[in-house]
Amino acid sequence: MKKVLIATEKPFAPAAIKKIKGIIEKAGYELALCEKYTEKSTLLEAVASADAMIVRSDKVDEEVLNAAKNVKIVVRAGAGYDNVHCEAASANGVVVMNTPGQNSNAVAELAIGMAIFGLREFFTGKAGGELRKRTLGLHGFGFVARNVFRIARAFGMKVVVYTRYSKAAAAAIGLKVTDSLEDLYAESDIISIHVPARGEHIKSVSMDVLKHLKKGGVIVNTARKEVINENDLVAFMEEREDVKYLSDIAPDCKALMEEKFTGRYFSTPKKAGAQTAEANINAGVAAAEQIVGFFENGDETFKVN
Ligand code: 3PG
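Definitions and limits used
- Residues numbered from 1 in each chain as written.
- Predicted model: local features only at pLDDT ≥ 70, side-chain atom pairs only at ≥ 80, totals over all residues.
- Heavy atoms only, no water.
- Helix = DSSP H or I, 4+ residues; strand = E, 2+ residues; numbered from the N terminus.
- Rg over C-alpha atoms; globule rule 2.2 N^0.38 Å.
- Contact = heavy atoms within 4.5 Å.
- Areas by Shrake-Rupley, 256 points an atom, 1.4 Å probe, with all protein chains shown as cover.
- Lys, Arg positive; Asp, Glu negative; His and termini not counted.
- Charge placed at Lys NZ, Arg CZ, Asp CG, Glu CD.
- Near = heavy atom within 4 Å.
- Polar contact = N/O pair within 3.5 Å; in protein donor to acceptor, adjacent residues only side chain to side chain.
- Nonpolar A, V, L, I, M, F, W, Y, C, P; charged D, E, K, R; others polar.
- Buried < 20%, exposed > 50% of the residue type's maximum accessible area, 1.4 Å probe, protein only.
- Core = buried A, V, L, I, M, F, W, Y, C linked by side-chain atoms within 4.5 Å.
- Domains from an automatic or database assignment.
- Buried area = accessible area lost by both parts, 1.4 Å probe.
- Salt bridge = Lys/Arg side-chain N within 4 Å of Asp/Glu carboxyl O.
- Expected span 1.5 Å × (residues − 1).
- Pairing = 2+ DSSP bridges.
- Axes fitted to C-alpha atoms, helices over the stretch in contact; angles between N-to-C directions.

## Let's talk about the overall build of the chain
Regarding its fold elements, the chain presents twelve helices and twelve strands. Taking 305 residues into account, the globule formula puts the C-alpha radius of gyration at 19 Å, and the chain, at 20 Å, falls close to it. In the chain, the share of contacts with a sequence separation of at least 24, taken over all contacts with a separation of at least 6, comes to 64%. For the chain, the accessible area works out to roughly 13900 Å², and carbon and sulfur atoms hold 50% of it. Taking the average place of the 41 positive charges on the side chains of the chain and the average place of its 39 negative ones, the gap between the two points comes to 5 Å.

Here it is as structure tokens:
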């Protein structure tokens, strides 16, 4: 009997586990759980007897993959798979998949919520601002950004986007695509970052870009900390007392940011973008179905390695 392991340091909602279990057991497989683990050794022990894994932001490195001797497929229940060592997986003959789009509304709602939190001065009672008539700049135009766009329009915002790969999709709905990331910052009151921690996106938000941000600008990052050049971010916030940075992923320089930029910096205590029952169900169910499809029919539709 095949064993599917859910290895989630940050667990799914119980309703998602129930649905995943239903799919796995209907296929005649066994479901095992390794949740809220605090030691890597716990994960290494759990993967040893698994044939497939469902993970979230859990680090699946070479050591984990080598310990997962029988694992044929790892599904990252979510979008970003920067936590999985894809080359090592390929070398071990392991298929890696993600579940694109499944948790994107949840992340988009958090991005808008954080924009409001920033504009409303972190709910301190100080007079803030409104979204309506402000310009939102989307850095990237994947599933999350498209949901942010949908919600922002309902708030009466003007939306612009900088994207290299989804220009046609943006133009098709009449969305203005800026010529450069610098232009996006120059036109936006609020920036929402939605690019993966890969390739040219790494540290793409540098001083050269940041310095163009409009006065009073708010940057919301629900993507990854790696896309920001943190030294530049600190220098920029020192220079520009009018700007704010809110992130769903604590930067490495979190302590410094907290100390220096009270009232202008916020990060969630734990990545919360996809932490809703709905997102957990969508991504978890998709992951389970992809695993069954892979074993039963050789379906590799969402393979990323
Ligand atoms: C993603 O890449 O799907 C999001 O960052 C969500 O990550 P999480 O599953 O760790 O909450």
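## Quick notes on the site of the ligand
Near the ligand, the surroundings consist of Lys10, Arg56, Ser57, Arg76, Gly78, Ala79, Gly80, Asn103, Arg224, Lys271 and Ala274. Arg56 places a side-chain nitrogen or oxygen 3.0 Å from an oxygen atom of the ligand. Between the ligand and the protein, one listed contact pairs an oxygen atom with a side-chain N or O atom of Arg76 at 3.0 Å. Surface burial for the ligand is 95%, taken as the share of its 320 Å² of free accessible area covered by protein chains. Looking at side-chain class alone, the shell around the ligand contains two nonpolar, four polar and five charged residues.

## Let's talk about unusual backbone geometry
Located in the positive-phi region is Glu121, a residue other than glycine, with phi close to 55 degrees. Looking at the element boundaries, Glu121 is found in the loop between helix 5 (104-119) and strand 6 (135-139). Overall, the relative accessible area of 14% leaves Glu121 in the buried class.

## Let's talk about the nonpolar core
One finds Leu136, Leu138, Phe141, Val148 and Ile190 to be the most contacted residues of the largest nonpolar core, which totals 29 residues. At the level of secondary structure, the elements contributing two or more residues to this core comprise helix 5, strand 6, helix 6 (143-154), strand 7 (158-162) and strand 10 (218-221). Element by element, the count of residues in this core is highest for helix 5, at eight residues. When near neighbours in sequence (up to four residues on either side) are disregarded, Phe141 contacts Arg146, Phe149, Val161, Thr163, Ser166, Ala169, Ala170, Ile173 and Leu175. Formed by 27 residues, the second largest nonpolar core is a distinct cluster that contains Ile191, Leu233, Phe236 and Met257.

## Examining the domain arrangement of the chain
Along its sequence, the chain is carved into domain 1 (3-102 + 276-297) and domain 2 (104-267). Averaged C-alpha coordinates put domain 1 and domain 2 at centres separated by 30 Å. With nine residues of domain 1 at the contact, the number on the domain 2 side is six residues. Between domain 1 and domain 2, the buried area comes to about 570 Å², and carbon and sulfur atoms account for 50% of it. For the interface between domain 1 and domain 2, the tally reads one salt bridge. A salt bridge links Asp82 to Arg224; the nearest nitrogen and oxygen atoms lie 3.1 Å apart. Residues of the side of domain 1 that touches domain 2, tallied by class, amount to three nonpolar, four polar and two charged.

## Some points on helix 5
Between its first and last C-alpha atoms helix 5 spans 23 Å; for 16 residues at 1.5 Å apiece the expected length is 22 Å, and the two agree. Among the residues of helix 5, Ser104, Ala106, Val107, Ala108, Ala111, Ile112, Met114, Ala115, Phe117, Gly118 and Leu119 are the ones counted as buried. Immediately beyond the C-terminal end of helix 5, within one or two residues, lies Glu121, with a positive phi of roughly 55 degrees.

## Details of the sheet that holds strand 6
Taken together, seven strands build an open sheet; the order of strands is 8-7-6-9-10-11-12 and the sheet is parallel. The sheet is open, and its two borders are formed by strand 8 (176-177) and strand 12 (265-267), each paired with just one other strand. As paired strands, strand 6 and strand 9 (residues 190-193) are joined by four bridges and run parallel to one another. Residue pairing for strand 9: Leu136 is matched across the bridge by Ile190. Together, strand 6 and strand 7 form the strand contacts of helix 6, whose direction differs from that of strand 6 by roughly 170 degrees.

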